Amino acid sequence: MEGLSKLFLLPLFLTFSITTALSDKPGSGQINSNSVLVALLDSHYTELAELVEKALLLQTLEEAVGKHNITIFAPRNDALEKNLDPEFKSFLLQPKNLKSLQSLLMFHILPKRVTSPQFSSAVVSHRTLSNDQLHLTNGKVNSAHITKPDDLTRPDGIIHGIERLLIPRSVQEDFNRRRSLRSISAVLPEGAPEVDPRTHRLKKKPVPVPAGAPPVLPVYDAMSPGPSLAPAPAPGPGGPRHHFNGEAQVKDFIHTLLHYGGYNEMADILVNLTSLATEMGRLVSEGYVLTVLAPNDEAMAKLTTDQLSEPGAPEQIMYYHIIPEYQTEESMYNSVRRFGKVRYDSLRFPHKVDAQEADGSVKFGHGDGSAYLFDPDIYTDGRISVQGIDGVLFPEEKTPVEKKTAAPVVKKAAKPRRGKLMEVACTMLGSQFPTCQ
């Protein structure tokens, strides 16, 4: 992207480009200098206008304006410079990623006019030019604040200023996929040969493990001895490990949580309050796969001080939300539909996470401590899967069963048995004798 020193030339260049593009099309008499496309060249939105030019979207936007009004949610220049990841920006500007850039920009445009008086507290979904859904509620669009509502109003459209760039899920997944593919090629070199002290011969090399093969040891043996205490022993040279760059993949999924919105508390705990991000990166580097059940911010806000005050409590809570398997929304839902109830292992050994089908979704946990699958497949790259849930899960506490003490058996003294002759006598004479009573 061009530096800020060259931005003063950008409006003149883009104005000429848009005017030339519109004048060559039939029906261009309806679009003039008062168009919303020309208003996009305002000094506050030149960065976005440059992206539109690089994405070759002028003709598409001209056709959209010719058919109906449009609404543009445009991040201002300062928002793009501060909040946009430089690596993600370079990804968008690569020629091979032109479709991703076009999808991202069309995601900001609605094929109708939506003004600020139409904003309400209820969630209202609108279809964008990229055929995706935007959600408007309480002055926000997909969790991004609308900082300048009705900033630029024109007869054929309107522009609202927003605090950051909106990233559709398809573009984020494409970016994550391309970064992950770049990190798979690294393989550690083999170590020095070893001599068997008994035979004084070279030891045979172990059978090579192909890249991406599952580790031999269970995940519990590869974990650190305790939460945030010390790292596990480093693998020796030549071991079948570190085929993946786990640190970069964990960084990707934490960035995805922040861009997705509503999971800032989860990201903060992983990075700042605990060392789980480092632990997860090391496990993924050694070939393990993980599924993270991420509680949203509303669920994390319900945690009490008592639940977090004990030493190691944040780590234990997060360990219970990490499953050492790769599961997607589709695979989990198919499992609970087929088997009714499924128990997944968690990194908080030996506790397991129960899942079952409820209301057309997947429900985790028991009773009041249960949570539903709320935002499926937030991040999926083949090694790490992140599923958003609407509650914080806790292991089910088993209450000890009290043993009931048996009541003492009182033995009744057996009455002496009377013979047949005595029975007949007692029947005839009544109870006059003590033996007949």
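Above this text is the structure in question.
Residues numbered from 1 in each chain as written. Predicted model: local features only at pLDDT ≥ 70, side-chain atom pairs only at ≥ 80, totals over all residues. Heavy atoms only, no water.

A.B. asks: Tell me about the overall build of the chain, and please be specific about residues and values.
C.D. replies: The helix and strand tally for the chain stands at 17 helices and 16 strands. Looking at the 437 residues of the chain, the share that counts as buried comes to 41%. A separation threshold of at least 6 residues defines the contact pool for the chain, and within that pool the share at least 24 residues apart is 68%. (Helix = DSSP H or I, 4+ residues; strand = E, 2+ residues; numbered from the N terminus. Buried < 20%, exposed > 50% of the residue type's maximum accessible area, 1.4 Å probe, protein only. Contact = heavy atoms within 4.5 Å.)

A.B. asks: Quick rundown of helix 10 (residues 246-260)? Include the residues and the values.
C.D. replies: Along its 15 residues, helix 10 runs 21 Å from first to last C-alpha, staying within 8% of the 21 Å computed at 1.5 Å per residue. In the stretch just after helix 10, Gly 261 is the one whose phi turns positive, near 90 degrees. (Expected span 1.5 Å × (residues − 1).)

A.B. asks: Account for the sheet that holds strand 1 (residues 70-75), naming residues and giving values.
C.D. replies: Spatial strand order, 2-1-7-6-5-4-3: 7 strands in an open sheet with mixed pairing. The open sheet is flanked by strand 2 (109-110) and strand 3 (124-127), the only strands paired with a single partner. Sheet analysis places strand 1 next to strand 2, joined by 2 bridges and oriented antiparallel. Directly across from Thr 71, in strand 2, lies its bridge partner Leu 110. (Pairing = 2+ DSSP bridges.)

A.B. asks: Pulling in residues and values, what's your account of the sheet that holds strand 13 (residues 352-358)?
C.D. replies: Neighbouring strands of a sheet are bound in pairs by backbone hydrogen bonds; such pairs are parallel or else antiparallel. In spatial order, the strands read 11-10-16-15-14-13-12; together these 7 strands make up an open sheet with mixed pairing. Taken across any chain shown, the strands that pair with only one partner, and hence form the sheet edges, are strand 11 (322-323) and strand 12 (341-345). On top of the sheet, helix 10 reaches strand 15 (371-380) and strand 16 (384-389); it is set at about 125 degrees to strand 15, its chief contact. Helix 16 (residues 329-339) rests against strand 12, strand 13, strand 14 (361-364), strand 15 and strand 16 of the sheet, and its axis sits at about 135 degrees to strand 12. (Axes fitted to C-alpha atoms, helices over the stretch in contact; angles between N-to-C directions.)

A.B. asks: Describe the environment of Phe 394, naming the residues involved and giving the relevant values.
C.D. replies: With respect to the helices and strands, Phe 394 occurs in the loop between strand 16 and helix 17 (420-429). Residue Phe 394 is classed as partly exposed on the basis of its relative accessible area, which comes to 33%. With 76 residues separating them in the primary sequence, Phe 394 and Met 318 have C-alpha atoms 9.8 Å apart. When near neighbours in sequence (up to four residues on either side) are disregarded, Phe 394 contacts Leu 303, Gln 307, Ile 317 and Tyr 320.

A.B. asks: Let's hear about the packing of aromatic side chains: which residues, and what values?
C.D. replies: All told, the structure shown has 5 aromatic pairs when counted by the stated rule. Seen from their ring centres, Phe 253 and Tyr 379 are 6.1 Å apart, and the 50 degrees between their planes marks the pair as tilted. Linking Phe 253 in helix 10 with Tyr 379 in strand 15, this pair joins segments that are 126 residues apart in sequence. Across this residue pair, the class does not change: Phe 253 and Tyr 379 are buried. Taken together, a centroid distance of 6.2 Å and an interplanar angle of 55 degrees make the contact between Tyr 260 and Tyr 263 tilted. (Phe/Tyr/Trp six-rings, centres within 6.5 Å; stacked < 30°, edge-to-face > 60°.)

A.B. asks: Can you tell me about the nonpolar core, naming the residues and giving the values?
C.D. replies: Residues Ile 70, Phe 88, Leu 104, Leu 105 and Ile 159 are the most contacted members of the largest nonpolar core, which totals 35 residues. Mapped by element, the contributors of at least two residues to this core are helix 2 (36-39), helix 3 (46-54), helix 4 (58-67), strand 1, helix 6 (86-93), helix 7 (98-106) and helix 8 (169-182). The residues contacting Leu 104, other than those within four sequence positions of it, are Phe 88, Leu 92, Leu 165, Leu 166, Ile 167, Pro 168 and Val 171. Formed by 33 residues, the second largest nonpolar core is a distinct cluster that contains Met 300, Ile 317, Ile 322 and Tyr 379. (Core = buried A, V, L, I, M, F, W, Y, C linked by side-chain atoms within 4.5 Å.)

A.B. asks: Could you give me a rundown of the pairing of strand 12, with the residues and numbers involved?
C.D. replies: The two faces of strand 12 differ: Val 342 and Tyr 344 on one face are buried, but Lys 341, Arg 343 and Asp 345 on the other face are not. As defined by bridge partners, strand 12 adjoins strand 13 across 5 bridges and the pair is classed as antiparallel. Counterpart to Lys 341 in the pairing with strand 13 is Gln 356.

A.B. asks: Give me the lowdown on helix 16, citing residues and values where you can.
C.D. replies: Within the sequence span of helix 16, burial applies to Met 332, Tyr 333, Ser 335 and Val 336. Down the axis of helix 16, the buried side of the element spans an arc of 160 degrees, and every buried residue falls inside it. In helix 16, the exposed residues that point more than 90 degrees away from the buried face are Glu 330, Arg 337 and Arg 338. Turning to helix 16, the residues buried within the fold contact strand 12, strand 13, strand 14, strand 15 and strand 16. (Arc of directions from axis to C-beta.)

A.B. asks: Go over the side chain of Ser 335 with me, naming the residues and quoting the values.
C.D. replies: Relative to the elements of secondary structure, Ser 335 occurs in helix 16. According to the relative accessible area criterion, Ser 335 is buried, its value standing at 19%. Residues contacting Ser 335, with those up to four places away along its chain left out, are Gly 340, Val 342 and Tyr 344.

A.B. asks: Report on the pattern of salt bridges, specifying residues and quantitative values.
C.D. replies: Taken as a whole and assessed by the stated rule, the structure comprises 6 salt bridges. Connected via shared salt-bridge partners are Glu 279, Arg 282 and Glu 286. (Salt bridge = Lys/Arg side-chain N within 4 Å of Asp/Glu carboxyl O.)

A.B. asks: Requested: an account of the pairing of strand 14, with residues and values cited.
C.D. replies: Consecutive side chains along a regular strand alternate between the two faces of the sheet. Note: strand 13 against strand 14, 4 bridges, orientation antiparallel. Following the sheet pairing, Glu 357 is matched in strand 14 by Val 362. A loop of 2 residues connects strand 13 with strand 14, the two strands running antiparallel in sequence, and Asp 359 in this loop sits at a positive phi of about 55 degrees. In this structure, strand 14 lies alongside strand 15, joined through 2 bridges in antiparallel fashion. Bridge pairing in strand 15 links Lys 363 to Tyr 372.

A.B. asks: Please give an account of the packing of helix 3 against helix 7 that cites residues and values.
C.D. replies: Two elements in contact, helix 3 and helix 7, have axes separated by 10 Å at closest approach and are oriented at 135 degrees. Relative to helix 7, the element helix 3 lies oblique. In this structure, helix 3 meets helix 7 at a crossing whose hand is left-handed. On helix 7, the residues that touch Leu 48, Leu 51, Val 52 and Lys 54 of helix 3 are Leu 98, Leu 101 and Leu 105. Split into classes, the residues belonging to the contact of helix 3 with helix 7 amount to 6 nonpolar, no polar and 1 charged. (Parallel < 35°, antiparallel > 145°, perpendicular 65-115°, else oblique. Left-handed = near helix turned anticlockwise from the far one by under 90°. Nonpolar A, V, L, I, M, F, W, Y, C, P; charged D, E, K, R; others polar.)

The analysis is restricted to geometry; functional conclusions fall outside its scope.
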